[in-house]
Amino acid sequence: MSFKEDNIIQIKTFDFALKIIKFYTECKSQNEFILSKQILRSGTSIGANVEEAIAAQSKKDFISKLSIANKEARETRYWLKLYHYSNLVQIDIDSYLKDIEMIINILTKIIKTSSENL
């Protein structure tokens, strides 16, 4: 897949989606089927909404799509925290939490800057 080299959020959300797919697969191998579907949906939709934002028809549309991506990222963080504290699976959640915090921070900054420049 080809990305603009300077679009860090596009690259990070795509890479995170790949990690979430692997996470989902590992959850299934540990017989955890309930929360894993939720995190698969929210964790992969972050990048999909970033892609939609890149093709936005206006600055308001761009902000709206990135805001949806940010909400999905926050939902994903919630599911990751549930995994962390519930011990449903034997997977180290720390790197996922670090990644999602970085994504949330980047998205929040882009949205804030774009809104100020509206």
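Keep in mind that this is a model prediction, so the values were computed, not measured.

Caption draft 1: Fine view of helix 3 (residues 59–86). Between its terminal C-alpha atoms helix 3 stretches 40 Å, which fits the 40 Å expected from 28 residues at 1.5 Å a residue. What helix 3 keeps buried is the set Ile 63, Leu 66, Ala 69, Asn 70, Ala 73, Thr 76, Arg 77, Trp 79, Leu 80 and Tyr 83. Elements that come into contact with the buried residues of helix 3 comprise helix 1 (8–29), helix 2 (35–54) and helix 4 (94–116). Just past helix 3, the residue Asn 87 takes up positive phi, approximately 55°.

Caption draft 2: Summary view of the side chain of Asn 70. Inspection of the secondary structure assignment puts Asn 70 in helix 3. Its relative accessible area of 10% is what places Asn 70 among the buried residues. Those residues in contact with Asn 70 that sit more than four places away from it in its chain are Ile 104, Leu 107, Thr 108 and Ile 111.

Rules behind the numbers
- Residues numbered from 1 in each chain as written.
- Predicted model: local features only at pLDDT ≥ 70, side-chain atom pairs only at ≥ 80, totals over all residues.
- Heavy atoms only, no water.
- Helix = DSSP H or I, 4+ residues; strand = E, 2+ residues; numbered from the N terminus.
- Expected span 1.5 Å × (residues − 1).
- Buried < 20%, exposed > 50% of the residue type's maximum accessible area, 1.4 Å probe, protein only.
- Contact = heavy atoms within 4.5 Å.

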